[in-house]
Amino acid sequence: MAVTTDRLTDDSALLAGLLDTSGCAIFLDFDGTLVDLAPTPDGVRLEAGVAEALALLSKRHNGALAIISGRPVAQIDAMLAPLVLPVAGVHGVERRGADGQLRLAATPDVAPVLARAQALAALYPGLLVEQKRGAVALHYRLAPELQELCMREMSAAVQACPGILLLHGKMVLEAKPAATDKGGAIAAFMQEAPFAGRRAVFAGDDTTDEAGFAYVEQTGGQGVKVGSGASVASLRLASPAALRVVLLHAAVLAASPQLKE
């Protein structure tokens, strides 16, 4: 896990400094941020050493490290096992704090959206429907030519369901509760130990992460956009690989016996 500082360039060096700062609260998206995107959600892989780095960073910051994902909490746990971290899943619909308690937000009925997405996927085998608690994701990465059709169908379905918002991510359309987002999930963590009173740093890659960036930037924290695209985040890294280098570097520093919170 040896990483040298000469590999840290651009905003990577700034982020590395933040992660080594006492009083930091770390929030990380998963897909496209910690791991590279894959053709299907179950095709992603966590690279060797990343879970260990997260464990060291969590210890360095007294447990103030959480995953903020569109995935359900159970999927994040399976990916990181045996490591167990605080997690916000389904954009905040599910949220497990450092105390281990799982909190579930109220959700509108998404059955009509699910039915429409499943009907569309039955006609086009390249489409993949992912059902979550109070949310439905329609993936078209394997059939990008169907983007406009998917947009029309999902937009029409969401318009008929009050309280549901349609998010357009990377080759995915997700219908989710309008009342919950990643910014709200981070805000909730920041009201609890061990996050309260710290400076929030949130790294993400997609439009679904913008609410999280907006919250941390507005409250004196730092948003870190991974990859290309417009963003309100003030820092940027080139890729998930660049973020992993920073995390591994920060973990090496965290493991140093003279560094304490």
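Residues numbered from 1 in each chain as written. Predicted model: local features only at pLDDT ≥ 70, side-chain atom pairs only at ≥ 80, totals over all residues. Heavy atoms only, no water.

**Let's talk about the overall build of the protein chain**
- Each helix and strand in the protein chain was counted, giving eight helices and twelve strands.
- In summary, the protein chain has a C-alpha radius of gyration of 18 Å against a globular reference of 18 Å for 261 residues, a match within 12%.
- Considering only C-alpha atoms, the protein chain reaches an extent of 60 × 35 × 35 Å along its principal axes.
- A burial count over the protein chain gives 54% of its 261 residues as buried.
- Here the protein chain contributes 22 positively and 27 negatively charged side chains, and the mean placements of these two sets differ by 3 Å. (Helix = DSSP H or I, 4+ residues; strand = E, 2+ residues; numbered from the N terminus. Rg over C-alpha atoms; globule rule 2.2 N^0.38 Å. Buried < 20%, exposed > 50% of the residue type's maximum accessible area, 1.4 Å probe, protein only. Lys, Arg positive; Asp, Glu negative; His and termini not counted. Charge placed at Lys NZ, Arg CZ, Asp CG, Glu CD.)

**Observations regarding the packing of helix H6 (residues 182-189) against helix H7 (residues 210-218)**
- The N-to-C vectors of H6 and H7 enclose an angle of 45 degrees; their axes lie 6 Å apart at closest approach. Considering their axes alone, H6 and H7 lie oblique with respect to each other. Residues Lys182, Gly183, Ile186 and Ala187 of H6 form the contact with H7, whose own contacting residues are Ala211, Gly212, Tyr215 and Val216. (Axes fitted to C-alpha atoms, helices over the stretch in contact; angles between N-to-C directions. Parallel < 35°, antiparallel > 145°, perpendicular 65-115°, else oblique. Contact = heavy atoms within 4.5 Å.)

**As for the pattern of salt bridges**
- This structure, assessed with the given rule, holds 13 salt bridges.
- For Arg95, the salt bridge is made with Glu192, and the minimal N-O distance between the two is 2.7 Å. With Arg95 in strand E4 (residues 94-96) and Glu192 in the loop between H6 and strand E10 (199-204), the pair connects residues that are 97 residues apart, well separated along the chain. For the pair formed by Arg95 and Glu192, the shared burial category is buried.
- One salt bridge in this structure joins Arg103 and Asp99, with 2.8 Å as the shortest N-O distance.
- A relative accessible area of 54% places Asp99 in the exposed class.
- Salt bridges sharing partners connect three or more residues here, namely Asp29, Lys182 and Asp209. (Salt bridge = Lys/Arg side-chain N within 4 Å of Asp/Glu carboxyl O.)

**Notes on unusual backbone geometry**
- Here the amide bond leading from Ala81 into Pro82 is cis, since omega sits at 10 degrees, within 30 degrees of zero.
- On the secondary structure map, Pro82 appears in the loop between helix H3 (73-80) and strand E3 (87-89).
- Note the cis peptide between Ala193 and Pro194, where omega equals 5 degrees.
- The topology assignment puts Pro194 in the loop between H6 and E10.
- In this structure, His91 is a non-glycine residue whose phi angle is positive, near 60 degrees.
- Structurally, His91 is set in the loop between E3 and E4.
- Note on His91: relative accessible area 3%, which makes it buried.

**Examining the side chain of His139**
- For His139, the position within the fold is in strand E7 (residues 135-139).
- For His139, the side chain forms a polar contact with the side chain of Glu130, separated by 2.8 Å.
- The contacts of His139, once residues within four sequence positions are left out, are Pro41, Gly126, Leu127, Leu128, Glu130, Met171 and Val172. (Polar contact = N/O pair within 3.5 Å; in protein donor to acceptor, adjacent residues only side chain to side chain.)

**Re the side chain of Asp29**
- With respect to the secondary-structure elements, Asp29 resides in the loop between strand E1 (24-28) and helix H2 (50-60).
- Among the polar contacts listed, one links the side chain of Asp29 to the side chain of Thr33, at a separation of 2.9 Å.
- In this structure the side chain of Asp29 is engaged in a polar contact, spanning 3.1 Å, whose partner is the side chain of Lys182.
- In contact with Asp29, other than residues within four places in its own chain, are Leu34, Ile68, Ser69, Lys182, Phe202, Ala203, Gly204, Asp205 and Asp209.

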